Amino acid sequence: MKFHHIFASLIIGAASLTPVPASAVSISEVLHIIESNNLQLRAASADNAAAEAGMRAENTLPPLSVEFSPFFRPGVAGMASSELVVSQEFDFPTLYGSRNRQASLERNALDGATAVERRDLLLDAETQCITLVRLQREAELTANRHATSQTLLEAYEKSLALGRATVLDVNRIRLELQDLELQQLQCSADMAAAVGALRTLNGGAELDLSGLDYERDAMAVFNAEAAEGLLQSDASLSAARAEIEAARHNVSVAKSGWLPSLSLGYRRNSEGDEAANGFLVGAALPLVGNSSKTRAAKARLSASELQLEAARADAESRLNNTLVEIGRMQATLRATDPTLIEETLTLYAKSLEAGQITITEYYQATTGLYDRLQTRITIEAALQQALATLLIPTR
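Overview of the structure. Residue numbering note: each chain is counted from 1, following its sequence as written. In keeping with the predicted nature of the model, local features appear solely for residues at pLDDT of at least 70, side-chain atom pairs appear and are counted solely at 80 or more, and the whole-chain, interface and lining totals rest on all residues. Each side-chain value is derived from all of the structure's non-hydrogen atoms; neither hydrogens nor water enter the calculation.

Centre distance within 6.5 Å is the pairing criterion for rings of Phe, Tyr and Trp, where only the six-membered ring of Trp is used; planes under 30 degrees apart are then read as stacked, over 60 as edge-to-face, and the remainder as tilted. Enumeration over the complete set of coordinates arrives at one aromatic pair. Taking the centre distance of 5.5 Å and the plane angle of 65° together, the rings of Y362 and Y363 count as edge-to-face. In this scheme, Lys NZ or Arg CZ marks a charge over a ring once it lies within 6 Å of the ring centre and within 35 degrees of the ring normal. Over the ring of Y96 we find R99; its NZ or CZ atom is 5.3 Å from the centre of that ring.

Listed below in structure tokens is the structure:
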């Protein structure tokens with residue numbers, strides 16, 4: 001059975017399966033916008049600044065002390081004598097610089113933890129972008145299949161009226177259209193969910209996602225040097241190293257706690273018309289309590305060192321597993337030739353046009369080919385996701 005008027009539609013449908021990226025917003029631009037607008041990251045940055053300011057505020061001189069004592073005695077009109085004491089207490093001078101340094105290191109540790117939070121958030125955002133690109137490609141593939149089946153349905157309905165096709169042929173096409181329409185509905189719902197997730201990450205603001213497409217090199221090769229660089233730039237390791245620096249310096253600050261606090265002041269005693277002036281010099285020795293602070297600081301350092309070892313082992317394991325998975329998916333893509341699949345779809349369209357195969361045989365053959373294209377789309381997305389897992393920390 002021949003349908004000359006549908007041949008061109010089948011050929012065009014088979015030849016337009018490879019997505020053509022539009023020139024629009026990139027994933028990098030989307031991530032930059034989200035990083036600027038995300039409320040969680042902005043709150044974390046403000047919390048870190050507040051914590052540092054609080055630590056520095058505690059590292060200041062206590063208030064100046066001013067005491068005045070009048071004395072009275074019987075037989076003397078008014079004030080018989082008085083005492084004025086003006087004094088200032090302060091810690092040992094070197095402690096102020098050491099604690100300022102501690103505040104800076106603690107801020108670095110907080111920023112390291114925020115960097116981990118940033119990495120996870122941006123990875124979530126890129127995952128949603130990758131999902132959106134995958135769904136757009138799946139939607140395009142499904143739309144092509146739907147357009148082809150719709151054209152076939154119109155032709156076979158006309159042929160059924162002329163007695164050249166059967167009801168079974170028409171129903172087979174209608175069933176295919178129903179399946180494709182269900183896929184389109186599900187794809188639309190998934191796309192809306194991905195867009196909504198990105199909007200939430202962007203602080204509720206709308207994003208321009210038109211023409212979004214992959215931008216990482218799917219066939220990138222990672223040698224030993226590149227892998228080591230990725231490991232060293234891992235945000236979790238950087239955060240753990242910053243925590244160790246803060247904990248190590250905290251031990252030094254705790255050990256300096258044995259240094260005395262000092263006080264200097266002016267004292268004036270007066271009685272009648274006579275007055276005496278003098279100076280106050282004092283020191284307070286921390287005889288108890290400092291050893292427990294030192295032990296606590298050392299315990300924190302030990303915990304930080306163990307956390308770094310755990311973070312390094314976890315990062316190495318994740319890196320190695322991800323590199324193996326990337327290599328496997330790259331090999332799979334290299335072994336899959338989408339051009340061959342499209343050429344084969346064209347040949348089946350020509351065979352149907354020439355009446356060499358039935359509509360049932362056409363769908364049985366092309367469904368498997370479309371499934372291969374679908375699998376390729378899925379693998380491309382998974383590969384981009386694996387690359388994002390490695391490269392987000394260095395973006």
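Resuming the write-up.
Moving on, we come to the sheet that holds strand β4 (residues 274-284). Here, any two strands with at least 2 DSSP bridges between them count as paired. Helical segments are the DSSP runs of H or I of at least four residues, strand segments are the runs of E of at least two, and each set is numbered from the N terminus. Overall, antiparallel pairing links the four strands, which are arranged β1-β2-β3-β4 in an open sheet. The open sheet has two edge strands, β1 (65-71) and β4, and neither has a second partner. Mean inter-strand twist for the sheet, computed between neighbouring axes without regard to direction, equals 15°. Judged from the eleven bridges that link them, strand β3 (residues 261-271) and β4 form a sheet pairing that is antiparallel. Across the sheet, R268 pairs through a bridge with N277, a residue of β4. The axes used here are C-alpha line fits, helices contributing only the stretch in contact, and every angle between their N-to-C directions lies in the interval 0 to 180 degrees.

A simple rule labels every residue: compare its accessible area, found with a 1.4 Å probe on the protein chains alone, to the largest value its type can have, and call it buried under 20%, exposed over 50%, or partly exposed in between. Of the positions making up helix α2 (residues 27-37), those classed as buried are I27, V30, L31 and I34. Viewed along the axis of α2, the buried residues span an arc of 95°, placing them on a single side of the element. For α2, the secondary structure elements touched by its buried residues are α4 (93-161) and α5 (167-201). Of all possible arcs, the one meant is that of the directions from the helix axis to the C-beta atoms. Contact definition: two residues touch when any of their heavy atoms are within 4.5 Å.

Cysteine sulfur pairs qualify as disulfides if the two atoms are within 2.5 Å. In total, this model carries zero disulfides according to the counting rule given. This cysteine, C129, is not joined by any disulfide, and C187 carries the nearest cysteine sulfur, 16 Å off. Judged by its relative accessible area of 7%, C187 falls in the buried class.

Quick look at the environment of V85 now. Of note, V85 is situated in strand β2 (residues 81-90). C-alpha of V85 to C-alpha of R267: the two residues are 182 residues apart in sequence and 4.5 Å apart in space. Those residues in contact with V85 that sit more than four places away from it in its chain are S65, V66, E67, Y266, R267 and L280.

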